[in-house]
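Below are the chains, spelled out letter by letter.
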Amino acid sequence: QHMMKFKNKGKDATALRRQRVELSIQLRKVKKDEQILKRRNISVHSEEENPSVGQNRPNEIIQLSLEEIVEALNGNNTKLQLLAVQTARRILSRHKDPPINQIIELGIIPRMVEFLGHADNAPLQFEAAWALTNVASGTSEHTRAVVEGGAIPAFISLLSSPHMHIREQSVWALGNIAGDGPLYRDALIACDVIPPLLALVSPATPVGFLRNVTWTLSNLCRSKNPCPPLDAVQKILPVLICLLQHEDKDIVSDSCWAFSYLTDGCNDRIQVVVDTGILPRLVELMHSPELTVMTPALRAVGNVVTGTEQQTQAAIDAGVLAVLPRLLRHTKPVIQKEAAWALSNIAAGPCQQIQQIITCGLLPFVVEVLDKGDLKAQKEAVWVVANFTTGGTVDQVVELIRAGVLKPLLNLLSAKDNKTILIILETISNLFLAAEKLGQTEKLCLLLEKLDGLEKIEVLQNHENNMIYRTALSILEKYFFGEENTDLDPQTDQDGLYGFSVEKQDFNF
Amino acid sequence: MELSDANLQTLTEYLKKTLDPDPAIRRPAEKFLESVEGSQNYPLLLLTLLEKSQENVIKVCASVTFKNYIKRNWRIVEDEPNKICESDRIAIKANIVPLMLSSPEQIQKQLSDAISIIGREDFPQKWPDLLTEMVNRFQSGDFHVINGVLRTAHSLFKRYRHEFKSNELWTEIKLVLDAFALPLTNLFKATIELCSTHANDASALKVLFSSLILIAKLFYSLNFQDLPEFFEDNMETWMTNFHSLLTLDNKLLQTDDEEEAGLLELLKSQICDNAALYAQKYDEEFQPYLPRFVTAIWNLLVTTGQEVKYDLLVSNAIQFLASVCERPHYKHLFEDQNTLTSICEKVIVPNMEFRAADEEAFEDNSEEYIRRDLEGSDIDTRRRAACDLVRGLCKFFEGPVTGIFSGYVNSMLQEYAKNPSVNWKHKDAAIYLVTSLASKAQTQKHGITQANELVNLTEFFVNHIQPDLKSATVNEFPVLKADGIKYIMIFRNQVPKEQLLVSIPLLINHLQAESIVVHTYAAHALERLFTMRGTNNATFITAAEMAPFVEVLLTNLFKALTLPGSSENEYIMKAIMRSFSLLQESIIPYIPSVITQLTQKLLAVSKNPSKPHFNHYMFESICLSIRITCKANPEAVGSFEEALFLVFTEILQNDVQEFIPYVFQVMSLLLEMHKNEIPSSYMALFPHLLQPVLWERTGNIPPLVRLLQAFLERGASTIASAAADKIPGLLGVFQKLIASKANDHQGFYLLNSIIEHMPPESVDQYRKQIFILLFQRLQNSKTTKFIKSFLVFINLYCVRYGALALQEIFDSIQPKMFGMVLEKIIIPEIQKVSGQVEKKICAVGITKILTECPPMMDTEYTKLWIPLLQALIGLFELPEDDTIPDEEHFIDIEDTPGYQTAFSQLAFAGKKEHDPVGQMVNNPRIHLAQSLHKLSTACPGRVRSMLSTSLNAEALQYLQGYLQAASVTLL
């Protein structure tokens with residue numbers, strides 16, 4: 001049991017750093033603060049401005065049945081083909097519950113992909129691209145139908161279409177395909193999607209278009225296991241850096257998301273981003289009043305500090321510690337949580353970095369989150385304290401206690417979160433180690449009792465979780481009830497008394 | 001075993017025999033069943049019996065046996081044989097659910113337990129259809145069946161509440177949610193509808209409410225780890241219904257029982273837990289619902305009665321409010337003055353009232369009452385919950401809340417004043433209210449450490465507490481007396497000293513109260529007051545101030561031990577101990593009577609020691625009597641021995657295990673009081689102390705080592721001459737201790753005493769073996785603790801026998817051994833040694849090695865000379881720590897550090913620290929300088945050249961400082 005107290009000491013710094021390895025299983029709803037993976041094009045109004053459908057009177061919508069769509073598509077009448085694709089696109093664009101499955105089951109996807117190649121018929125290309133975009137926006141199953149229909153090369157060649165709206169729609173479709181996951185993302189990269197896509201970024205590109213490109217680029221940076229190929233990342237990075245300077249907030253937001261994906265991985269990948277020198281800009285964006293910008297910027301920098309000591313130092317040098325106080329006080333609990341998470345990883349560093357946390361005046365903010373934050377944020381703040389007490393010097397730990405961390409920390413022993421309880425108990429053991437060095441064990445005992453911590457630890461002796469129960473017990477036995485004793489019993493008796501004899505062996509210390 | 005009627009018959013016979021009260025019949029039957037449980041079909045035979053047996057008792061017995069069988073055997077342990085054959089496992093899983101559901105309740109419970117044990121191992125992977133099978137039963141409409149399913153589900157899912165999150169766990173939960181959440185929700189809605197259609201059918205309602213309770217519990221388990229998507233989407237359904245259930249009442253569900261919580265209370269209580277879970281964990285999502293729950297729960301509190309059966313509900317409900325009102329963004333829900341007033345008036349005050357049940361406990365179960373009231377094991381009580389709510393509200397509303405309560409306190413005191421004998425409970429509530437309002441932080445040791453500044457504690461004390469205690473009748477209104485005494489106790493640091501001094505005779509007087517609570521509190525309060533520290537760390541209350549009360553204090557304390565119910569009252573005994581310690585020599589005139597009373601008590605309790613604290617303080621008191629008396633008059637030790645040895649002999653002969661460690665400590669204390677040679681009465685005991693049976697008990701080890709040390713200090717030469725044949729046995733004890741990582745330091749204590757005190761020739765033949773033994777431990781399982789003790793020992797050896805002797809004995813064990821120990825152990829580890837005396841011993845020892853060991857100067861060991869010197873200087877210049885001041889009076893038994901059994905070490909039998917080099921060396925730095933000087937005179941030039949070529953600059957600077965201080969120069 002006594003190993004408990006050395007547990008953290010044995011951990012090397014990298015083990016204390018907690019990457020964004022969320023469990024692969026999620027019980028929660030997918031959060032709204034994540035960037036959207038796939039998008040459907042449902043803006044019916046925009047088609048009126050589209051020159052390609054300009055000749056159609058918008059109100060005069062000719063309805064075809066599903067059978068008629070199939071028939072028309074497979075026929076040779078280009079007018080009917082256009083009408084059929086348009087009808088399919090409209091069905092797929094309706095606001096609620098588009099019947100994507102039904103459309104796929106009609107078996108018309110390959111035919112629509114074929115239309116993408118009809119360079120002579122731009123309206124048909126456009127409608128097919130739109131319809132396929134919306135099919136690809138569905139589940140993985142749906143996206144697969146589009147990819148297996150051969151859409152990847154077709155859309156990539158459309159990136160060079162003379163018609164801007166077709167290029168734009170293709171970018172969108174490719175974004176949906178890339179957003180499906182690493183498999184299709186890499187398939188796109190293997191088909192060389194990057195050069196024509198990057199070519200679309202120029203000062204002349206309209207903002208709306210550029211937003212789509214940025215979003216698709218971000219999806220190409222997204223997904224782990226595996227992360228995107230390094231050479232692809234290297235190609236995209238210079239453009240992303242430019243986009244991060246744009247004045248449009250959506251473009252900046254999606255670029256930030258891209259950086260957050262690129263930094264969400266092993267330290268080598270973090271290094272690639274750090275080497276671009278973009279950290280100061282990302283930290284600057286953490287100050288942004290726009291939630292959509294600040295959130296991914298915080299993510300990205302938060303990911304960087306999961307990296308090595310040097311990478312973390314780069315983030316500190318870029319000024320991350322100055323912006324964290326504001327974020328720790330943000331009205332949105334998720335932001336508090338992310339900020340505290342980032343800080344917990346900085347606190348996992350060497351004592352020089354811990355010192356910078358102190359110097360930058362962050363301790364009161366940590367205490368505040370512990371005291372008043374949302375539970376999500378409180379849990380991360382507990383990690384800050386835990387890491388701090390593991391890597392900090394005795395003086396730094398004293399500083400932490402002076403900042404008033406104990407009271408709210410001990411209160412959280414009643415939290416309904418088992419891991420948090422355990423971490424707090426381990427932190428308490430760390431505090432005792434420091435107190436022992438100062439010869440102030442008794443003082444700490446009294447302090448814990450005064451703050452109702454003793455009582456809370458005592459209650460945890462009845463906890464159903466074995467680990468929590470044992471940790472609580474070992475703290476109580478070690479510091480509050482006197483010492484417990486592990487007995488290794490050797491030796492035999494001889495003539496009623498213990499015998500005294502030894503055999504000599506060779507010694508080598 | 002075949003599934004045959006014959007086997008069923010046999011099994012029935014044996015099961016019947018296992019119920020026989022006669023062990024001669026029962027044991028063989030149990031043995032038989034154990035012997036056949038490995039056979040195939042055995043569990044299936046049991047299942048058949050529990051379903052089909054003609055006799056109900058056999059059915060139940062088979063079901064219990066089956067469950068225990070599953071508990072013992074189902075888990076497949078790696079590298080161990082599978083204890084249940086695969087076909088039996090499959091058959092059990094296929095049949096157990098329907099069987100459980102069709103069984104009567106008694107058997108259902110056993111099978112349900114068995115299912116959850118199996119589920120823990122097999123679910124979900126190896127039991128994929130379990131969930132569907134259960135969910136399908138929801139449609140049956142038969143609530144006996146449904147409740148069976150729900151109960152099983154609860155036992156399967158409740159572990160989600162306490163396990164750490166992991167992919168494995170969450171995969172399982174997700175699977176459960178996918179299959180279970182929707183049907184559960186539908187069942188919840190359907191059950192609620194049925195409740196309204198059957199609103200007039202009491203028996204139907206009972207079944208339905210049992211279902212609702214289980215559903216609410218399942219909700220808690222399924223929502224514990226994280227907020228599942230499904231429940232977020234369906235929060236409206238769940239919360240709206242939970243909310244309306246909270247406000248629901250139905251006469252048919254009300255129970256007459258005052259103690260046992262009814263279904264309605266259990267359900268509401270679980271709903272409070274569910275709401276608290278959401279409020280704490282999923283605050284963002286739950287926010288829209290929270291105000292409604294606050295209102296509902298608060299209304300619930302206002303309308304719930306005082307009966308014990310509501311306790312859990314009320315305390316859960318109050319805890320919910322307490323946790324919400326502390327959160328900044330819900331502050332506004334409580335802010336309104338009317339709201340605050342109403343919470344104070346309708347929720348807090350009523351729940352602080354002294355109830356009939358409290359009164360009963362006060363009178364008939366005082367031990368439990370004291371434990372709850374004094375030691376804070378009141379976590380689930382209403383008073384405690386109300387207290388927590390006060391503290392929660394004070395976080396934001398200290399001023400208004402204090403204001404509101406002051407009004408209440410005054411009106412309650414007025415009520416009391418009108419008619420004390422009828423309205424005394426009002427005063428009790430008033431005191432409790434003041435206490436909970438005023439105390440912000442508290443410890444056992446110091447009482448209240450932070451108080452609400454808005455409450456005038458002294459004024460309340462003088463006006464309302466003291467008058468009760470001054471009343472001539474100590475037995476009137478015992479509850480108020482206890483309240484008053486408790487007030488003094490917890491606010492002892494806030495109330496001015498002159499008031500405390502006024503209180504002391506009042507407290508002494510209340511030691512005579514008949515009420516156990518009252519005289520116990522009086523003793524405890526005195527003990528706490530005597531432990532307070534004043535300026536310059538002396539006691540706050542001085543012996544001089546106590547002088548007028550010594551006799552009455554001692555008389556009343558010992559008299560209190562004769563009051564009914566208090567013959568082994570630990571608080572009184574602790575107060576006796578503390579009084580002795582405070583009063584010191586002023587107790588001497590009373591010692592003859594005191595020691596008689598203590599030995600009589602000791603004799604009485606040694607028949608059946610049951611109160612460890614009481615016993616401990618009793619021994620402490622005995623030690624204090626001895627110390628205080630013998631300090632003034634060393635000759636008195638004989639009369640103590642006379643008074644105590646008879647009882648001690650009895651304790652040792654009857655092997656009263658609890659007391660033996662104490663007896664050894666008292667004997668050590670007595671033995672150390674002797675100035676001359678060891679008395680023969682002690683020597684007769686010596687061989688017995690080496691008996692292994694004594695050393696097998698870990699609690700005996702420290703006091704026995706201590707006692708042997710006392711023997712060695714006082715009687716080493718007697719042992720060498722009269723008991724030389726026992727020396728191997730003595731060293732055997734050392735060997736035994738040294739082999740244990742836990743006890744090795746004790747072994748060193750013993751060894752150090754042997755080396756220090758035994759005549760060298762008496763241990764000569766064993767010396768080499770001692771070192772071999774130590775080297776073995778060092779080689780095989782070295783720990784920091786061992787190394788520290790080892791370093792102290794070899795240096796002590798060096799001091800006693802000389803550096804050359806040390807080098808010679810090391811090198812005789814193995815060539816170059818001395819160099820290896822220097823290089824690998826002493827030089828790198830010496831800085832780990834802690835403790836002033838220990839460091840001093842090491843410093844003197846190392847100085848000897850440096851300056852009095854020729855091989856260090858002219859063999860290959862010479863290269864270690866400078867590193868060793870450097871290590872020594874390092875040892876000097878490390879900051880001193882670990883000094884423990886000699887303030888035994890304040891030592892609380894609970895915080896004496898170190899030894900095994902917390903209760904075995906007597907603070908007042910404490911050994912004075914012993915410095916074996918004390919006379920020889922006063923300042924080890926100067927001693928080093930002088931020794932170096934001597935060495936340099938013997939071989940001029942050598943020391944200086946070694947120093948100037950190899951010693952690092954910083955160390956050299958320190959060294960020059962020592963030389964200067966010693967006014968010597970090196971040649």
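Everything numeric here is computed off the predicted structure, so don't read it as measured data.

Caption draft 1: Structural detail: the overall build of chain B. Within chain B one finds 50 helices and two strands. Residue pairs at least 24 apart in sequence account for 74% of intrachain contacts in chain B once pairs closer than 6 positions are excluded. Mean positive and mean negative side-chain charge positions of chain B (90 and 116 charges, respectively) differ by 4 Å.

Caption draft 2: Here's a closer look at the packing of helix α24 (residues 478-490) of chain B against helix α25 (residues 497-510) of chain B. Residues and elements named next belong to chain B. Packing of α24 against α25 brings their axes to within 11 Å, and their N-to-C directions diverge by 140 degrees. Classified by the angle their axes make, α24 and α25 are oblique. Of the two possible hands of crossing, α24 and α25 adopt the one that is left-handed. Between α24 and α25, the residues in contact are K481, I485 and I488 and L500, S503, L507 and H510, respectively.

Caption draft 3: Region of the structure containing the confidence of the model for chain B. Residue and element names in this part refer to chain B. On average, residues of chain B carry a pLDDT of 89, and 96% of them reach 70 or more. Across residues 880-886, where pLDDT falls below 50, the model places six contacts with residues more than four positions away in sequence or in other chains. Throughout residues 893-903 the model reports pLDDT below 50, and contacts reaching past four residues in sequence, or to other chains, amount to 30 contacts. In the predicted assembly, ipTM is 0.75 and pTM is 0.72.

Caption draft 4: Looking closely at the packing of aromatic side chains. All names here are of chain B. Inspection of every chain in the model, using the stated rule, returns 50 aromatic pairs over all chains. For the ring pair F786 and F790, a centre distance of 6.2 Å and an interplane angle of 15 degrees mean the geometry is stacked. Of this pair, F786 and F790 are both found in helix α42 (residues 784-801), four residues apart, which corresponds to roughly one turn of the helix. Neither F786 nor F790 differs from the other in exposure class; each is buried. Among the aromatic residues, those joined into a ring-pair cluster are F188, F219, F230, F231, W238, F242, Y278, Y282, F286, Y289 and F293. A cation sits over an aromatic face here: K281 above F224, 4.6 Å from the ring centre. Of note, R767 hangs over the ring of Y801, and the distance from its end group to the ring centre comes to 4.8 Å.

Caption draft 5: Structural context of the environment of L389 of chain B. All names here are of chain B. Within the fold, L389 resides in helix α21 (residues 382-418). Between the C-alpha atom of L389 and that of C325, which follows or precedes it by 64 residues, the distance is 8.2 Å. For L389, the residues in contact, after removing those within four places along its chain, are I318, L321, A322, C325, I343, V347 and I348.

Caption draft 6: Summary view of the packing of helix α6 (residues 105-122) of chain B against helix α8 (residues 143-157) of chain B. All names here are of chain B. Look at α6 against α8: their axes get within 9 Å of each other, and the N-to-C directions meet at 40 degrees. Looking at the two axes, α6 sits oblique to α8. For the element pair α6 and α8, the recorded crossing hand is right-handed. Each of Q108, S112, I115, S116, G119 and R120 in α6 lies in contact with α8, whose residues at this interface are H144, G148, R151, T152, S155 and L156. Residue classes in the contact of α6 with α8 are distributed as two nonpolar, eight polar and two charged.

Caption draft 7: Region of interest: the nonpolar core. If you look at the biggest cluster of nonpolar residues, it comprises 364 residues, and the most contacted ones within it are F157, F180, F320, F775 and W865 of chain B. A per-element tally of this core places α21 of chain B first, with 16 residues. Non-local contacts of F320 of chain B, meaning those with residues more than four positions away in its chain, are made with C272, A275, A276, A279, L290, F293, V294 and I297 of chain B. One finds A151, V171, Y261 and V272 of chain A within the second-largest nonpolar core, a separate group that totals 159 residues.

Caption draft 8: Representation of the confidence of the model for chain A within the structure. Residue and element names in this part refer to chain A. Of all residues in chain A, 87% attain a pLDDT of 70 or more, and the chain-wide mean is 86. Note that pLDDT drops below 50 for residues 1-14; the model gives that stretch 25 contacts with residues more than four away or on any other chain. pLDDT under 50 marks residues 482-494. Its contacts with residues more than four places away, or in other chains, come to 32 contacts.

Caption draft 9: The arrangement of a negative patch on the surface in detail. On the surface, D256, D257, E258, E259, E260, E360, E363 and D364 of chain B cluster together into a negatively charged patch. Under the relative-accessibility criterion, E360 of chain B is labelled exposed at 53%.

Caption draft 10: Region of the structure containing the state of the cysteines. Tallied over the full model, the rule gives zero disulfides over all chains. No disulfide involves C266 of chain A; its nearest neighbouring cysteine sulfur is the one of C227 of chain A, lying 5.4 Å away.

Caption draft 11: Seen up close, the environment of I825 of chain B. With respect to the helices and strands, I825 of chain B occurs in helix α44 (residues 817-829). Judged by its relative accessible area of 0%, I825 of chain B falls in the buried class. It is 10.0 Å that separates the C-alpha atoms of I825 of chain B and K788 of chain B, two residues lying 37 residues apart in sequence. When near neighbours in sequence (up to four residues on either side) are disregarded, I825 of chain B contacts F509 of chain A together with L778, I787, F790, L791, M820 and I830 of chain B.

Caption draft 12: Region of interest: the UniProt feature "repeat: ARM" (unreviewed entry) in chain A. Residue and element names in this part refer to chain A. Feature annotation in UniProt assigns "repeat: ARM" (unreviewed entry) to the following positions: residues 107-150, 150-178 and 277-319. Between the C-alpha atoms that bound residues 107-150 there is a distance of 13 Å. The span itself is 73% helix and 0% strand. Counting secondary structure, residues 277-319 comes out at 70% helix and 0% strand; the distance between its end C-alpha atoms is 13 Å.

Caption draft 13: Representation of α8 of chain B. Residues and elements named next belong to chain B. Helix length check: α8 (15 residues) gives 20 Å between terminal C-alpha atoms against 21 Å at 1.5 Å per residue, within 8%. Among the 15 residues in α8, 13 count as buried, and that is most of the element. With a side-chain oxygen lying 2.9 Å from the backbone nitrogen of H144, the N-terminal cap of α8 falls on D142.

Caption draft 14: Broad picture of the side chain of S606 of chain B. Residue and element names in this part refer to chain B. In this structure, S606 sits in helix α30 (residues 591-606). S606 gets classed as buried once you look at its relative accessible area, which sits at 10%. Non-local contacts of S606, meaning those with residues more than four positions away in its chain, are made with I651, V656 and F659.

Caption draft 15: Summary view of the pattern of salt bridges. All names here are of chain A. In the structure shown here, the tally under the stated rule is 59 salt bridges over all chains. Ionic pairing is found between R329 and E368, a salt bridge with its closest N-O pair at 2.9 Å. Remark: E368 occurs in helix α24 (residues 363-372) and R329 occurs in the loop between α21 (320-328) and α22 (333-347); sequence separation between them is 39 residues. Judged by relative accessible area, which is 27%, E368 ranks as partly exposed. Overlapping salt bridges, with partners in common, bring together R211, D248, K249 and D250 in one network.

Caption draft 16: View of unusual backbone geometry. Cis geometry marks the peptide bond from N225 of chain A to P226 of chain A, where omega comes out at -5 degrees. Relative to the elements of secondary structure, P226 of chain A occurs in the loop between α14 (207-221) and α15 (230-243). Note that the residue after F123 of chain B, namely P124 of chain B, is joined by a cis bond; omega there is 0 degrees. Tracing the backbone through its elements, the reader meets P124 of chain B in the loop between α6 and α7 (130-137). A positive phi angle, close to 75 degrees, is found at S223 of chain A, a residue other than glycine. The phi dihedral of N41 of chain B is positive, around 75 degrees, even though this residue is not glycine. Here N41 of chain B is to be found in the loop between α2 (23-36) and α3 (42-52). For N41 of chain B, a relative accessible area of 16% translates into the label buried.

Procedures and definitions
- Residues numbered from 1 in each chain as written.
- Chains lettered and ligands numbered in written order.
- Predicted model: local features only at pLDDT ≥ 70, side-chain atom pairs only at ≥ 80, totals over all residues.
- Heavy atoms only, no water.
- Helix = DSSP H or I, 4+ residues; strand = E, 2+ residues; numbered from the N terminus.
- Contact = heavy atoms within 4.5 Å.
- Lys, Arg positive; Asp, Glu negative; His and termini not counted.
- Charge placed at Lys NZ, Arg CZ, Asp CG, Glu CD.
- Axes fitted to C-alpha atoms, helices over the stretch in contact; angles between N-to-C directions.
- Parallel < 35°, antiparallel > 145°, perpendicular 65-115°, else oblique.
- Left-handed = near helix turned anticlockwise from the far one by under 90°.
- pLDDT = per-residue confidence, 0-100.
- Phe/Tyr/Trp six-rings, centres within 6.5 Å; stacked < 30°, edge-to-face > 60°.
- Buried < 20%, exposed > 50% of the residue type's maximum accessible area, 1.4 Å probe, protein only.
- Lys NZ or Arg CZ within 6 Å of the ring centre and 35° of its normal.
- Nonpolar A, V, L, I, M, F, W, Y, C, P; charged D, E, K, R; others polar.
- Core = buried A, V, L, I, M, F, W, Y, C linked by side-chain atoms within 4.5 Å.
- Patch = residues over 30% accessible without salt bridge, like charges linked within 9 Å, V, L, I, M, F, W, Y side chains within 5 Å.
- Areas by Shrake-Rupley, 256 points an atom, 1.4 Å probe, with all protein chains shown as cover.
- Salt bridge = Lys/Arg side-chain N within 4 Å of Asp/Glu carboxyl O.
- Disulfide = S-S within 2.5 Å.
- UniProt positions renumbered as here; feature names shortened; annotations may be inferred.
- Expected span 1.5 Å × (residues − 1).
- Polar contact = N/O pair within 3.5 Å; in protein donor to acceptor, adjacent residues only side chain to side chain.

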